[in-house]
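Inside the fold
As a plain string of letters, each chain reads:
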Amino acid sequence: MNAAAPTKRKLKVATTSLAGCFGCHMSFLDIDERILDLVELVEFDRSPITDIKHCSPDCDLGIIEGGVCNAENVHVLQEFRKNCKILIAMGACAINGGLPAQRNSLDIRDILAAVYARPGRGVHIPNDPEIPLLLNEVHPLHEVVKIDYFLPGCPPSGDAIWKFLTDLLAGRTPILGHGLIHYD
């Protein structure tokens, strides 16, 4: 009698975008048809692909793009750290705050006043519990939680993301050689 080989458990992967432009997720899609190979190895949990709103407590891999600019970002990032065995900061915004961190040299009150100025009617800054409380600065992820891996780029290319993920899935430390890291 021939016993069927046990099927290998798919790794559970969650992704999210915090304060950034969503460019890293667009690059993720640039792995093109290789995404079909990837779904043979992983199961997507919270991600734009699944539209699941919370990270499951048994995620193997969490991939986060964007910096941390508000209280909701802090909550989501802490949820990912709690529920993901491995956490990856993907892209410049996640690693060093990127373009959103350019506001860090300005006073948040001055920014809000400029954004919500109504000519001839003063300044009306919304105060609604549905709007996340802004932090005084945009922070890279590692200033808020422990990050296991950093995938640089703005955004990282689809090829860099593919190499990074396949190295991790194969149990290797990801190494991106010359030509895979760029900043557009």
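Residues numbered from 1 in each chain as written. Predicted model: local features only at pLDDT ≥ 70, side-chain atom pairs only at ≥ 80, totals over all residues. Heavy atoms only, no water.

Quick look at the pairing of strand β3 (residues 59–65)
Counted residue by residue, β3 has 7 buried out of 7 residues, so it is predominantly covered. Note: strand β1 (residues 11–17) against β3, 5 bridges, orientation parallel. Directly across from V13, in β3, lies its bridge partner L61. Relative to strand β5 (residues 84–90), β3 is paired through 6 bridges, and the arrangement is parallel. Considered in β5, the bridge of L61 is made with I86. (Buried < 20%, exposed > 50% of the residue type's maximum accessible area, 1.4 Å probe, protein only. Helix = DSSP H or I, 4+ residues; strand = E, 2+ residues; numbered from the N terminus. Pairing = 2+ DSSP bridges.)

What about the nonpolar core?
In terms of nonpolar packing, the biggest core is built from 22 residues, with F28, L38 and I63 touching the most fellow members. Only α1 (23–29), α2 (34–41), β2 (42–44), β3, β5 and α6 (158–169) provide two or more residues apiece to this core. Apart from the residues within four sequence positions on either side, F28 is in contact with I35, L38, F44, I63, I161 and L165. By size, the runner-up hydrophobic cluster in this structure holds 17 residues, among which are C59, F80, L141 and V145. (Core = buried A, V, L, I, M, F, W, Y, C linked by side-chain atoms within 4.5 Å. Contact = heavy atoms within 4.5 Å.)

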